[in-house]
Amino acid sequence: MAKRKPRRSGGHRDPYQAREAKKYANPIPSREFILTTMEAHGAPLPFDELAAALGLDDAQRQDALSRRLNAMARDGQVVCNRRGGYCVVNHEDLIHGRVIGHPDGFGFLHPDEGGDDLFLSPREMRRLWHGDRIVARVSGVDRRGRREAAVVEVLERAFENIVGRLQIEAGVAFLLPDNKRVSQQILITPDRLRGARHGQMAVVHITEHPEAWRQPLGEVTEILGDHLAPGMATDVAIRAHDIPQDWPDELLAEIDGLLPEVPEAAKRGRVDLRRTPLVTIDGADARDFDDAVFCERTTKGWRLLVAIADVSAYVVPGSALDDEAYRRGNSVYFPDRVIPMLPEVLSNGLCSLNPHVDRLCMTAELYFDRDGKLFRSRFFDAVMNSHARLTYDQVGKMLRDDDAELCERHAALLPHLHDLDGLYRLLHAARDERGAIDFDTVETRFRFDDHGKLAGIVPLVRHDAHRIIEECMLAANVAAARHLLRHKMPALYRIHEKPSVEKLGDLGEFLGELGLRLDGGTSPTAKDYANLLEKVKHRADFHVIQVVLLRSMMQAVYSDNNVGHFGLAFPAYTHFTSPIRRYPDLMVHRALRHLLTGEPVEAFEYTHQHLTAMGEHCSATERRADDATRDAADTLKCEFMLDKVGDDFDGVISGVNSFGIFVELDGIYVSGLVHITALDYDYFHFDPVGHRLRGDRTGKVYRLGDPIRVRVAAVNIDDRKIDFVLAGTADGDKRGDDRKPGKGRRRDKPDSGKPARRTAERGGKRGGRGGRGKRKAKG
């Protein structure tokens, strides 16, 4: 049978040709035109035939087509079948998305288009990693009514390297991944151990990915060291979450010629603010300074300058520096170190507003009336020279304590600091009037000894100096968002959607039991939340109510579709103030600079598709950073509690689930689980709406926010889990003496991302393990 010859598309013009020509020196057909060509052919097209149909004859353009097809495959637009033919993904029959693994071996497929997740059986998960991008089809519905997925094609592997603990048993070596969502063990042949020993932490490169019939294979590429070595928690978290930390050679070559001082040529054409007494106000241990402020009174109210380091002057689109900044997405702040988004020559040098040196900046000039309402703003490029590097504590002592020595040292700056304080009071009052939600939570920091071991966890004390800078940054971010919207400029916004109807329903039931009500019905405002918090702030159960309110909220993300910021009660909000450490801020600076050039909005080089993908990517890197820092912190907390097994502590119930209660220890800020089997001898009903466990026989209630005294029973560093038992009970005495550190019970986590099961882990008849599906359990 003769092979069907593809029709050449030369007679049809690519409607996006001009866009591609602007972006690339040697453009190829757009994604849209490639998809149209493939759909018109009506059958899978091998690469050579597709290139011929698109009229690509030279090797250079064919190579560019190959790279574009690979990117389209990663994005789930096309699939390459086993015969090498490319075909368009039919979104009605096939679903593309990202795999979410579970420690117990099964998983879920989260569709890119949104909607409910699909269940992936352990059999399907054998060939997948957590985080893989795949194309799947619906294979059926399980007994719980969930759609099941069957893998059609793996588009993109989540891992090329995996970190974990090396195990060698009976001559067989394998790696136990640190990421508990990766359930596969990686086999390692003896010749690929590279000298690694049993029990060491190591990085393994995947030489063969898992298949349905075979485990993955790998080779040791880096030996991190012994399990509990100082700094190991962060080293493991960096590699487990694939956080980039090495700079590419191309980037190093680009920044090789950068000098520590700003050249005079770069200062020309900018507004000169060097005589304006701008100052930075940061924490005592801050190393980079990306914002400076100045405030003065006017006849109509106040004039505020917020100067932000001009990162966009150095990070040019398409450069290796820009590519790496985008890949990282943000700086990552671990308890013992920082993984920066930009190299140190920029983050701590040219893009850090260090005192008494000239620096390039983008400045927001904001005018407020006497009521603190913003009535005018503008943005411009400037050159500045910071007049002082102040700390929060210093500013607090000058403004609130009238510290004589500090006031004398900074006498020239003091009037402007008082003006800044006066504006802050108005902005803070406006915040209350607006109804922005202000949750009273405790931030902590880790204190290390001289050997790098965790010595303690201490709370961060916030005072008005922190809030002054916070209000200035909020004002600048809001002004930037308004400016971009007013000019209809495509940009990334920081959005926070309203709570879902389902969460509001659960919240309403919980509040109803307490005789409370959240105003607003199914569409409450931030002010409704704030009013309720103000109403209950003197109640004994205030902490409980605050936690439940917080858990009803959605997560803030980046998007080019502005829907406002619910929690801050702003109709439009963006991130403008930290381009050193957040890529979305850098994109906002580029959008503002495009407006300063006077070019039409349509000439902006980033399209809606670009910005949508950037928002999703930057939201993902932000979550990656949160997960990595949480893992490192949890490991450090476990190490800190190792020598405290058997000790008693007071705490508060911070979470309630079907399998037990989570307790946060007072003054230590460490959390652990009291498993349901370690509670009083009773059957316990789990009430997910009321956030409590109730004993069937005794009526004993364990409720979110209740005080409780517990004993540390076990610590499992590998799983980052701490087990508690009730103090002062026979069971607690026995467990505190007999159980060994590192042998903690396997359990679920409260932040696993999936709703807790309504059945307890043990139930049914007394003395037995049966009773599957029961709503109560024996302690």
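A short tour of the structure in this document, coming up. Note that the structure is a prediction, hence the values are computed from the model and not measured.

A count of helices and strands for the protein chain gives 20 helices and 35 strands. Expressed along its principal axes, the backbone C-alpha trace of the protein chain runs to roughly 95 × 80 × 60 Å. Carbon and sulfur atoms form 48% of the exposed surface of the protein chain, whose accessible area is close to 37500 Å². On the protein chain, the mean spot of the 115 positive side-chain charges and the mean spot of the 119 negative ones are 5 Å from each other.

This part takes up the state of the cysteines. Evaluated as defined, the whole model comprises zero disulfides. In this structure Cys472 is not part of a disulfide, and its nearest cysteine sulfur, from Cys295, lies 7.1 Å away. The structure places no disulfide on Cys618, whose sulfur is separated from the nearest cysteine sulfur, that of Cys351, by 17 Å. Given a relative accessible area of 2%, Cys618 falls into the buried group.

What follows is about the pattern of salt bridges. All chains considered together, the criterion is met by 50 salt bridges. Among the charged side chains, a network of salt bridges with common partners joins Glu222, Asp235, Arg239, Asp336 and Arg337.

This part takes up a negative patch on the surface. On the surface, Asp249, Glu250, Glu254 and Asp323 cluster together into a negatively charged patch. With three residues, helix H7 (residues 249-255) is the largest single contributor of residues to the negative patch. Relative to the elements of secondary structure, Asp323 occurs in helix H9 (residues 320-328). Given a relative accessible area of 47%, Asp323 falls into the partly exposed group.

Moving on, we get to the pairing of strand S17 (residues 301-309). Counted residue by residue, S17 has nine buried out of nine residues, so it is predominantly covered. Bridge count for strand S16 (residues 291-297) against S17 is seven bridges, and the pairing is antiparallel. Bridging from a neighbouring strand, Cys295 pairs with Leu304 of S17. Here S16 folds back onto S17, and the loop between the two strands holds three residues. Strand direction decides the pairing type here: S17 and strand S20 (residues 358-369), joined by nine bridges, are antiparallel.

What follows concerns helix H11 (residues 392-400). Regarding H11, the residues found buried are Tyr392, Gln394, Val395, Gly396, Met398 and Leu399. Lining the buried residues of H11 we find strand S15 (279-282), strand S22 (388-391), helix H12 (404-409), helix H13 (414-434) and helix H14 (464-486). In the segment just after H11, Asp402 is the residue with positive phi, at about 50 degrees.

Read once around its circumference, the closed barrel built from five strands follows the order S27-S28-S29-S34-S33, with strand pairing classed as mixed. Strand after strand, the sheet turns through a mean of 50 degrees between neighbouring axes, direction not considered.

Cut-offs used in this document
- Residues numbered from 1 in each chain as written.
- Predicted model: local features only at pLDDT ≥ 70, side-chain atom pairs only at ≥ 80, totals over all residues.
- Heavy atoms only, no water.
- Helix = DSSP H or I, 4+ residues; strand = E, 2+ residues; numbered from the N terminus.
- Areas by Shrake-Rupley, 256 points an atom, 1.4 Å probe, with all protein chains shown as cover.
- Lys, Arg positive; Asp, Glu negative; His and termini not counted.
- Charge placed at Lys NZ, Arg CZ, Asp CG, Glu CD.
- Disulfide = S-S within 2.5 Å.
- Buried < 20%, exposed > 50% of the residue type's maximum accessible area, 1.4 Å probe, protein only.
- Salt bridge = Lys/Arg side-chain N within 4 Å of Asp/Glu carboxyl O.
- Patch = residues over 30% accessible without salt bridge, like charges linked within 9 Å, V, L, I, M, F, W, Y side chains within 5 Å.
- Pairing = 2+ DSSP bridges.
- Contact = heavy atoms within 4.5 Å.
- Axes fitted to C-alpha atoms, helices over the stretch in contact; angles between N-to-C directions.

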